[in-house]
Amino acid sequence: MAWQPELVRRVDAAGNPAASLGHALVDDYLEFVAARCRPNTLLATAYDLKVFFSAVPKEPTDIVTADIFAFITAQKAPRRGPKVIRLEDGEAGLSARTIKRRLASVSGLFGYLMTRDDVAVQRNPVPVGLANRRRSGNRGAPLLRTPRTLPRVLGPGEVEAVLGALNTARDRAMVLAMLLGGLRRCEVLGLRLEDLSPGERRVFISEGKGGHQRLIPISAQFFTAVGDYLDRERSPVDHDRLFVVLRGPTRGRPLSAAGLDEILEGVRRRTGLSRLTCHQLRHTCLTRLREAGMALEAVQAQAGHRSIESTRIYIHLANSWLAEQYLQASAAIDAERAGV
């Protein structure tokens, strides 16, 4: 009988998040991941492996490269009918980024199994890429091509509409943390009272992506909103999280990611915006900073990017900066032609 993965989330004896799928080898790998990665990474990996082994109902040691290609084909199949396509790349099914992430999770599992002496896995069935037809060069064709798309940012009018549609000082403080400081959703929810330095107008990010920490400046508007929230809305609690639930049976507990998403969804409905997400607010902040002349390296530090390549996207988003650079270069070319 084929193994049927079932994702079970739990907390181990030390109070740390854990996950299992009901297979000894896979669960060993998830335990390995849990000891080295953030909880969100663990859950994403567990879910990706659940999807893979649900689509390919075989023992991990029996997986071959043909199964990988069959999985890719299944993932790219239309999900909402053959006539529904994505605007970004004109394809149906799951996005290439999602499929690549799932393949990375599967590849990680087999990389782990290959290092074990007690498992009969000699090679990783997930290919790095397709072989190059040309003999020269080492680069082959990528297994999946992912389109480079630019995230949409909010215009000045939309920003004012969002701020005007917020119901509480808490909500305003959280939105300003993303809109003025460029914080990620997990970083906003992970803020503690001790992380704030109002006198210096700086915030310490203790729970950044990948466990990385940083100290960043942020506008006084954020600290004003936080002060209003602490004075009028936040009741005494037995933990140090800054943002808490304000009403209901979970009043006083730390606000969850689903709770923050629900707040933004309500704002989206009230403003009539087609889309509004935490990452969109972050992108808006970093784009405006780049447009205002902030050096790319400074934007990188503010955003908490490990690689400058992740920050270069804001060169393309900062339209006024690009237009200014083009006009300067064009004027120089015209002057050179006039002198000929």
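Everything numeric here is computed off the predicted structure, so don't read it as measured data.

Trainee: So what exactly am I meant to see when it comes to the packing of aromatic side chains here?
Mentor: How two aromatic rings sit relative to each other is set out by the distance from centre to centre and by the angle between their planes. Scanning the model with the defined rule gives 7 aromatic pairs in all. Between the aromatic rings of Y29 and Y112, the centroid separation amounts to 5.5 Å while the plane-to-plane angle is 45°, which identifies the pairing as tilted. One end of the pair, Y29, is in helix α1 (residues 24-34); the other, Y112, is in helix α4 (residues 96-114), with 83 residues separating them in the sequence. For Y112, a relative accessible area of 16% gives the class buried. Taking 5.0 Å as the distance between ring centres and 70° as the angle between the ring planes, the aromatic pair formed by F52 and F71 counts as edge-to-face. A residue pair is termed long-range when its members are at least 10 positions apart, and F52 in helix α2 (residues 39-55) and F71 in helix α3 (residues 65-75) qualify at 19 residues. Overall, the relative accessible area of 0% leaves F52 in the buried class. Taking the relative accessible area as the measure of exposure, F71 reaches 1% and is therefore buried. Grouping aromatic residues by their ring pairs yields a cluster made of Y29, F32 and Y112.

Trainee: Would you explain the pattern of salt bridges in this entry?
Mentor: Any two side chains of opposite charge can pair, given that their charged atoms come close. Across all of its chains, the model carries 17 salt bridges by this definition. A salt bridge links D261 to R185; its shortest N-O distance comes to 2.5 Å. With a gap of 76 residues between them, D261 in helix α9 (residues 257-271) and R185 in helix α7 (residues 185-189) connect regions that are remote in the sequence.

Trainee: I keep staring at the sheet that holds strand β7 (residues 214-217) and nothing clicks. Help me out?
Mentor: Paired through their backbone hydrogen bonds, the strands of a sheet run either parallel or antiparallel. As summarised here, the arrangement of the 3 strands in space is β5-β6-β7, forming an open sheet in which the pairing is antiparallel. Since the sheet does not close on itself, it has two edges, and those belong to β5 (196-197) and β7, each with one partner. Examined bridge by bridge, strand β6 (residues 202-205) and β7 share 4 bridges and lie antiparallel to one another. Residue pairing across strands places V203 opposite I216, the latter belonging to β7.

Trainee: Hey, could you run me through the side chain of Q75 in this one?
Mentor: Within the secondary structure layout, Q75 lies in helix α3. Within the structure, the side chain of Q75 is placed 2.5 Å from the side chain of R102, a separation counted as a polar contact.

Trainee: In this structure, what is going on with the nonpolar core? I would like to understand it.
Mentor: For soluble globular proteins, the rule of thumb is that nonpolar side chains tend to be buried together. By size, the foremost hydrophobic cluster in this structure holds 42 residues, and its most contacted members are V175, L191, V203, F222, F243, L276 and L281. Elements with a minimum of two residues in this core: α5 (156-164), α6 (169-181), α7, β6, α8 (220-232), α9 and α10 (278-291). Here this core gets 8 residues from one element, more than from any other, and that element is α6. Core analysis: the next-biggest nonpolar cluster, separate from the first, contains 31 residues, A19, L30, F53 and L143 among them.

Each value, and the rule that gives it
- Residues numbered from 1 in each chain as written.
- Predicted model: local features only at pLDDT ≥ 70, side-chain atom pairs only at ≥ 80, totals over all residues.
- Heavy atoms only, no water.
- Phe/Tyr/Trp six-rings, centres within 6.5 Å; stacked < 30°, edge-to-face > 60°.
- Helix = DSSP H or I, 4+ residues; strand = E, 2+ residues; numbered from the N terminus.
- Buried < 20%, exposed > 50% of the residue type's maximum accessible area, 1.4 Å probe, protein only.
- Salt bridge = Lys/Arg side-chain N within 4 Å of Asp/Glu carboxyl O.
- Pairing = 2+ DSSP bridges.
- Polar contact = N/O pair within 3.5 Å; in protein donor to acceptor, adjacent residues only side chain to side chain.
- Core = buried A, V, L, I, M, F, W, Y, C linked by side-chain atoms within 4.5 Å.

From the geometry alone we can't say anything about function, so treat these as descriptive.
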